[in-house]
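Given next are the chains, with one letter for each unit.
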Amino acid sequence: MSEGQDQAPIERGYVVTILPTGERVRGEAGQTLFDALRAGGVPVGSACRGEGVCGRCALWVQSDSPLPPPSELERLALRAARAKDGQRLACQLYPQGALTARASYW
Ligand code: FES
C-alpha cells in the first residue's frame, strides 16, 4: 500500500491502523471492527464473543469519517466496563472509513 492510500475512500471496506505499531488491517463493509481485527490476527479482549455485554473489547478509536453513534447496548456496556472517553466497543462498531485503533495491551 502506498503512502496516503489508506486515506482514500474505500468502496468496499475500511482500513484500520493499529497504534502504536502502525500495522494495517482491512475490514470488509458491514464487518465489525472486532471481526476485522481478529481476522487480521490482532488480539482483542472478549468474554462474550462479541455480544456487546462484557465491555472487554473497548478500544480507543479515531476517524476522520464520522463514526456511527453507540447503540444503547454499547453505551450500557461501556458504562459498566468504566470505559474511558474515546473508547468504543470493537464488537459493536461498524466503521465506514479509515480509522485508528489502540488498546492498552498492544
Ligand atoms: S466482546 Fe464483549 S462487549 Fe465486545
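Structural notes, computed from the coordinates.

Cut-offs and rules
Residues numbered from 1 in each chain as written. Predicted model: local features only at pLDDT ≥ 70, side-chain atom pairs only at ≥ 80, totals over all residues. Helix = DSSP H or I, 4+ residues; strand = E, 2+ residues; numbered from the N terminus. Core = buried A, V, L, I, M, F, W, Y, C linked by C-beta atoms within 7 Å. Buried ≥ 20, exposed ≤ 12 C-beta atoms within 10 Å, placed from the backbone. Contact = placed C-beta atoms within 7 Å.

1. A look at the environment of E28
No. 1: Considering the arrangement of structural elements, one finds E28 in the loop between strand 2 (24-27) and helix 1 (33-39).
No. 2: Residues E28 and P95 lie 67 residues apart in sequence; the distance between their C-alpha atoms is 9.3 Å.

2. Side note on the nonpolar core
No. 1: V16, L33, F34, L37, C57, L89 and A90 are the most contacted members of the largest nonpolar core, which totals 20 residues.
No. 2: Elements supplying a minimum of two residues to this core: strand 1 (14-19), helix 1, strand 3 (58-63) and strand 5 (99-102).
No. 3: Counting residues per element, this core draws most heavily on helix 1, at four residues.
No. 4: In this structure, L89 is in contact with G52, G55, C57, A58, E74, A77 and L78, ignoring residues within four places of it in sequence.

3. Some details on unusual backbone geometry
No. 1: For the bond from L19 to P20, the omega torsion is 15°, close enough to zero to count as cis.
No. 2: The topology assignment puts P20 in the loop between strand 1 and strand 2.
No. 3: Here the phi dihedral of R49 falls at roughly 60°; this positive angle occurs in a residue that is not glycine.
No. 4: By the secondary structure assignment, R49 is in the loop between helix 1 and strand 3.
No. 5: For R49, a count of 10 C-beta atoms within 10 Å gives the class exposed.
No. 6: Notably, R82 is not glycine yet its phi reads approximately 55°, a positive angle.
No. 7: Relative to the helices and strands, R82 is located in the loop between helix 2 (72-80) and strand 4 (87-89).
No. 8: For R82, a count of 9 C-beta atoms within 10 Å puts it in the exposed group.

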